[in-house]
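# Residue-level structural notes
Residue strings, one per chain:
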Amino acid sequence: MSFLTTENSPISFTKPGALEETRFEKIHNIIFNNSEMASKAVAREISDLIRLKQKEKKNCILGLATGSSPIKVYEELILLHKNEGLSFKNVITFNLDEYYPIEIDDKQSYYHFMEENLFKHIDIKHENIFIPRGDTSQNGVNEYCNKYEDLINKSGGVDFQLLGIGRTGHIGFNEPGSHLNSQTRIITLDHITRLDASSSFQNLEQVPRNAITMGIDTILKAKRIVLLAWGRNKAEVIKKAVESKISSQIPATYLQLHHNTTFVLDKTASSELVRIREPWIIGNCKWNEILKKEAIIWLCKKLQKPILKLTDKDYNVNGISSLLNYKCSAYNLNIEMFNQLQNTITGWPGGKPNSSDLRRPERALPVRKKVVILSFQYDRAIFSMGGTIDRLIEQGHDVHVIYLESDNSSVTNDECLKYVEVFRDILPKNSEGVMDAAITELNNFKQLEADSALIQRIKRLIREKESLGATSYLGISRKNVHFLNMSLCDDLKSKEVDLLKEILKKIEPQQIFAAGDFKDPHGFEKKCIDFFKIAFKELQTEMLVKDCWVWLYNASLREWNTSEIDMAVPLSPDQVIKKRNAIFNYLSQREEILFQGEDTRKFWIRSEIKNRKTAKKYHKLGLTEYEALEVFKRLKEEQSI
Ligand code: F6R
């Protein structure tokens, strides 16, 4: 084990077998600050093992995974091969799984994945690589699976098994329902797994329905198992795997039976573990302002009581009496906390003119602020803060919207076809050829083929016009709407940063709203805020933006935790309807939503439910009951910029 090297030191570490004494955790886990550090530590453990086996003149049998989780481990192994001469000549690999059916030269096949991400960069012998073949005939597939299992056993069994985890709790492709004794076999993929894979296959229909996978028993026979999980998206399933009872419904819980398994996590993947989320339950907790707030909100939820009704006894009986040392009695502490939450509520998101702003979230001056709202995927700002935008306009602020991304992929061909047919029918005769070509392309669209430049342009324009419809419905003038047309999928260049800087320089905003959930599963929000931060920091250094406060909205379906909220803007029932009407402008998004997940409710419904839920949460804590609340976190300078 080499997890404790100084450069890759984890945040939290105990040896396998010596679990955190938490009553809750049943699988050894190590939390790193980020996935880079974690991957380096894992690659180091693998390379140490390979070298040890070399000394012993033995083969090293590795069980390997595909997907996004192990990529950095593979990159690190390649570096160790190139820079430190790590040889893979004594290594035999068995991959966990493969889609079925799939051709091995298909770009989505795991054959292709492994070749590109590892094998072609190292000196492994070709005959030592084993990956289940997705092109095996249907008749022969069961026999093939048995042979694969035999081969693993005959090789002496896996020394080190690398795993990822799916949101269903699958390891390999052992989906919910998999039996403890299962061996290599063909399996039907869960709907959520197929949804998660759909972005690499372009759409859901393209994702194979089956896969060949090593079984749970096959995996548990490995001498050492390391499971990797990164990102907020994995936090819930990690909690279940580590803390809940063993169940076939969460196959990763079977790993609780293995004596030498470690889960290697980054901070966000560990964020739902009791030890991290509710540390006061585990034992002595080092209180800070945020934890204090979280613990009191937790207590209210647990006892179903509003803050002002909590008693000394409630604090004592529920193990957080140490909090009372701060204010001596529940009465004082409750009032302090109640006031803090009360002060986040404002109907004046741009600041209330002619009144003291000591306890208000935003400054009173200047009375008429220049406000910038940054949005990605065109619709996110309206979904997330349509009601607040309405208030800002109504209260006389000069509101600008900057759309960062040119997102055309989420317009379906059927939707696009309608527009193209209209153009064709009204355009002068000599333009018909172009539209006819577009119609032919849309009607003969082949999956996995990229749209032509013309179709991409039409789809982008549809999204642009919908956005303009939504913003002008809320009263933002056309000249205040800016389209940067970037692609958040690519690496953002200094040219794009300059473009954003240029616009911000012209506007000289005093208030900026940006999407900022760093834990967002698909990384767009993180990319968006990172990109903005570069531009904003440069402008601040050049003294080109002064006294500008940045507010973060959460564009995902999750909302900020109540303890994180710095500003809560109430929406009246009429404003909820107005926001809904603004969202209706995004007609092309009504059916297909990229990354929709398993929740099939329409986006406007989910946005309303989110705002209503937040209002309910506030009300349950004893604060005023509102129809809905849009909430924001302030990006403080020390946090980031
Ligand atoms: C892939 C595999 C799967 C993935 C899991 C997580 O070989 O066995 O269990 O590890 O679906 O995928 P990522 O890492 O893409 O989140």
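So, on to the packing of helix H15 (residues 413–426) against helix H17 (residues 453–473). Running from N to C, H15 and H17 point in directions that differ by 90°, and their axes come no closer than 10 Å. Between H15 and H17, the angle is such that the two are roughly perpendicular. Contacts between H15 and H17 involve Asn413, Cys416, Tyr419, Val420 and Phe423 on the former and, on the latter, Ile455, Ile458, Lys459, Ile462 and Glu466. When the residues that make up the contact of H15 with H17 are grouped by side-chain class, the tally is seven nonpolar, one polar and two charged.

Using the criterion set out here, one finds 42 salt bridges in the structure. Here Glu278 ties to Arg277 by a salt bridge, and the two come within 4.0 Å at their closest N and O atoms. Residue Glu278 is classed as buried on the basis of its relative accessible area, which comes to 17%. Arg612 serves as the salt-bridge partner of Glu608, at 3.1 Å between the closest nitrogen and oxygen. Remark: Arg612 and Glu608 occur in helix H21 (residues 603–620); sequence separation between them is four residues, near one turn of the helix. What makes Glu608 buried here is its relative accessible area of 10%. In this structure Arg612 comes out as partly exposed when scored by relative accessible area, which is 29%. Here the salt bridges do not stand alone but share partners, grouping Arg232, Glu236, Glu272, Arg277 and Glu278 into one network.

Here we take up the domain arrangement of the chain. Here the chain is described as being made up of domain 1 (3–275), domain 2 (286–342) and domain 3 (370–635). Once you take the C-alpha centre of each, domain 1 and domain 3 turn out to be 36 Å apart.

To continue, consider the packing of helix H1 (residues 35–55) against helix H2 (residues 71–84). Each pair of packed helices can be summarised by the angle the axes make with each other and by the distance between the axes. One way to put it is that H1 packs onto H2 with a least axis distance of 8 Å and a crossing angle of 55°. What the angle tells us is that H1 and H2 run oblique. Like other packed secondary-structure pairs, H1 and H2 cross with a definite hand, here right-handed. Where H1 abuts H2, its residues Ser35, Glu36, Ser39, Lys40, Val42, Ala43, Arg44, Ile46, Ser47 and Arg51 lie against Lys72, Val73, Glu76, Leu77, Leu80 and Glu84.

The full set close to the ligand counts 14 residues, and Ser69, Asp97, His170, Gly172 and Lys234 are the nearest of them. Taking Ser68, its main chain carries an N or O atom lying 2.8 Å from an oxygen atom of the ligand. Within the side chain of Ser69, a nitrogen or oxygen atom sits 2.5 Å from an oxygen atom of the ligand. Across the complex, the protein chains shield 86% of the 410 Å² of accessible surface that the ligand would expose by itself. Residue composition of the shell around the ligand, grouped by class: four nonpolar, eight polar and two charged.

Any space left empty among the atoms is revealed by the rolling of a water-sized probe across them. Here the second largest pocket is characterised by a volume of approximately 330 Å³. Forming the walls of the second largest pocket are 17 residues, and the residues nearest its centre are Lys293, Gln340, Thr344, Ile565 and Asp566. The leading source of residues in the lining of the second largest pocket is helix H10 (residues 289–303), at three residues. Here the lining of the second largest pocket is composed, by residue class, of six nonpolar, four polar and seven charged. In this structure, the lining of the second largest pocket is formed jointly by two domains, domain 2 (286–342) and domain 3 (370–635), each of which donates at least three residues.

Our next topic: the sheet that holds strand E7 (residues 185–188). With antiparallel pairing, three strands are arranged side by side in an open sheet as E4-E8-E7. Edge strands, defined here as strands with exactly one partner in the open sheet, are strand E4 (97–100) and E7. Averaged over all pairs of adjacent strands, the angle between their axes in this sheet comes to 30°, without regard to strand direction. Pairing of E7 with strand E8 (residues 210–213), which is carried by four bridges, proceeds in the antiparallel orientation. Bridge assignment links Thr188 to a residue of E8, and that residue is Asn210. Against the sheet, helix H4 (residues 141–154) contacts E4, E7 and E8, and its axis sits at roughly 120° relative to E7.

Analysis parameters
Residues numbered from 1 in each chain as written. Predicted model: local features only at pLDDT ≥ 70, side-chain atom pairs only at ≥ 80, totals over all residues. Heavy atoms only, no water. Axes fitted to C-alpha atoms, helices over the stretch in contact; angles between N-to-C directions. Helix = DSSP H or I, 4+ residues; strand = E, 2+ residues; numbered from the N terminus. Parallel < 35°, antiparallel > 145°, perpendicular 65-115°, else oblique. Contact = heavy atoms within 4.5 Å. Nonpolar A, V, L, I, M, F, W, Y, C, P; charged D, E, K, R; others polar. Salt bridge = Lys/Arg side-chain N within 4 Å of Asp/Glu carboxyl O. Buried < 20%, exposed > 50% of the residue type's maximum accessible area, 1.4 Å probe, protein only. Domains from an automatic or database assignment. Left-handed = near helix turned anticlockwise from the far one by under 90°. Near = heavy atom within 4 Å. Polar contact = N/O pair within 3.5 Å; in protein donor to acceptor, adjacent residues only side chain to side chain. Areas by Shrake-Rupley, 256 points an atom, 1.4 Å probe, with all protein chains shown as cover. 1 Å grid on protein atoms, 1.4 Å probe; cavity = no way out; pocket = protein on both sides within 12 Å on 5 of 7 lines; lining within 4 Å. Points joined across faces, edges and corners; volume = space filled by probe spheres on them. Pairing = 2+ DSSP bridges.

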